[in-house]
Amino acid sequence: MNVSIEPSWKTHLSTEFEKPYFQDLAQFVKREYQQHTCYPKGKDVFSAFDHCPFQETKVVIIGQDPYHGPNQANGLCFSVKDGIPHPPSLVNIFKEIKTDVEKPYPQSGNLERWADQGVLLLNATLTVRAHQAGSHQNKGWEQFTDAVIKTVSNELEGVIFLLWGGFAKKKASLIDKSKHHILTSGHPSPLSANRGLWFGNNHFSKTNTLLAGMGKPTIDW
């Protein structure tokens, strides 16, 4: 099937797109978008890849599901479109950045600026039905995004994986720890953050220290 995704990713994932599970997934997603309001917009489903070509991937952040409210999801995990109020997890991410790397709290919650610097903002499930969290889970997306993580692990070196919360931490088994870096902490959601599992993880300064140590450009968070 013809998937509209950034060319370098298309090259690396072409065999995945031909597999029966992905054909079934594509049919399911097409039906859902025809019959229901779904997010993100069709053109944004692979936006995380479009902003971060394969060879330029330096950091991977793994989320679970797109936001399911109107005009929020833009295809990048934790990110919202310009002008949209910041969801609680994103507020906590920005608060940690403020204390960790002393950057002022930003107006826009649109994280395309990170993706354009080589941060792959990957949700495990890339679509969702409006107002129904998790509605597109277990339809094939997770198999696809697990394949993405394995491909990055197998074919690149020195990538930093930020695994926040129990769901993301399970993805560590897909990553070759001998050639990549894994940083883990609690999830930035209020539930986890208020229990002391998020704030003070210093993941943003640690990421830049690791990148600098490998001679790679750091991320302007």
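Quantities reported herein were computed from a predicted structural model and do not represent experimental measurements.

Colleague: So what about helix H2 (residues 20-35)? Which residues, and what values?
Modeller: Two residues of an α-helix separated by three or four positions point the same way, owing to the 3.6 residues in each turn. Between the first and last C-alpha of H2 there are 23 Å, a value that for 16 residues agrees with the 22 Å anticipated at 1.5 Å per step. Within H2, the full set of buried residues consists of Tyr-21, Phe-22, Leu-25, Ala-26, Phe-28, Val-29 and Glu-32. Projected onto a plane normal to the axis of H2, the buried residues spread over an arc of 165° and lie on a single side. Of the residues in H2, the exposed ones pointing more than 90 degrees away from the buried face are Pro-20, Asp-24, Lys-30, Gln-34 and Gln-35. Where H2 is buried, its residues meet helix H1 (7-17), strand S1 (38-39), strand S4 (128-129) and helix H6 (141-155).

Colleague: Describe the nonpolar core, naming the residues involved and giving the relevant values.
Modeller: Core analysis: the biggest nonpolar cluster contains 65 residues, and Phe-46, Phe-49, Ile-61, Ile-93, Trp-114 and Phe-144 have the highest contact counts within it. Excluding residues within four positions of it along the chain, Ile-93 makes contact with Phe-78, Trp-114, Trp-164, Pro-188, Trp-198 and Phe-204.

Colleague: Can you lay out the packing of aromatic side chains for me, pointing to particular residues and giving the numbers?
Modeller: Two aromatic rings, taken as a pair, are described by how far apart their centres are and by the angle between their planes. Enumeration over the complete set of coordinates arrives at 20 aromatic pairs. Relative to Phe-204, the ring of Trp-114 lies with its centre 6.1 Å away and its plane at 55°, an arrangement referred to as tilted. With a gap of 90 residues between them, Trp-114 in helix H5 (residues 112-115) and Phe-204 in helix H9 (residues 203-213) connect regions that are remote in the sequence. You'll find Trp-114 and Phe-204 in the same group, each marked buried.

Colleague: Describe the sheet that holds strand S2 (residues 59-63), naming the residues involved and giving the relevant values.
Modeller: Sheet architecture is open: four strands sit in the order S3-S2-S5-S6, paired in parallel fashion. At either end of the open sheet lies a strand with only one pairing partner, and these are strand S3 (119-123) and strand S6 (181-185). Strand-to-strand twist of the sheet, defined as the mean angle between neighbouring strand axes without regard to direction, takes the value 20°. Judged from the five bridges that link them, S2 and S3 form a sheet pairing that is parallel. By the bridge assignment, Val-60 is partnered in S3 with Leu-120. The sheet contacts of H6 involve S2, S3 and strand S5 (160-164), and relative to S3 the element is tilted by about 155°.

Colleague: Could you give an account of H6, with specific residues and numbers?
Modeller: In this model, H6 (15 residues) spans 21 Å end to end at C-alpha, consistent with the 21 Å of a helix rising 1.5 Å per residue. Turning to H6, its buried residues are Trp-141, Glu-142, Phe-144, Thr-145, Ala-147, Val-148, Ile-149, Thr-151, Val-152 and Ser-153. Residues of H6 that are buried in the fold lie against H1, H2, helix H3 (47-50), S2, S3 and S5.

What counts, and where the lines are drawn
Residues numbered from 1 in each chain as written. Predicted model: local features only at pLDDT ≥ 70, side-chain atom pairs only at ≥ 80, totals over all residues. Heavy atoms only, no water. Helix = DSSP H or I, 4+ residues; strand = E, 2+ residues; numbered from the N terminus. Expected span 1.5 Å × (residues − 1). Buried < 20%, exposed > 50% of the residue type's maximum accessible area, 1.4 Å probe, protein only. Arc of directions from axis to C-beta. Contact = heavy atoms within 4.5 Å. Core = buried A, V, L, I, M, F, W, Y, C linked by side-chain atoms within 4.5 Å. Phe/Tyr/Trp six-rings, centres within 6.5 Å; stacked < 30°, edge-to-face > 60°. Pairing = 2+ DSSP bridges. Axes fitted to C-alpha atoms, helices over the stretch in contact; angles between N-to-C directions.

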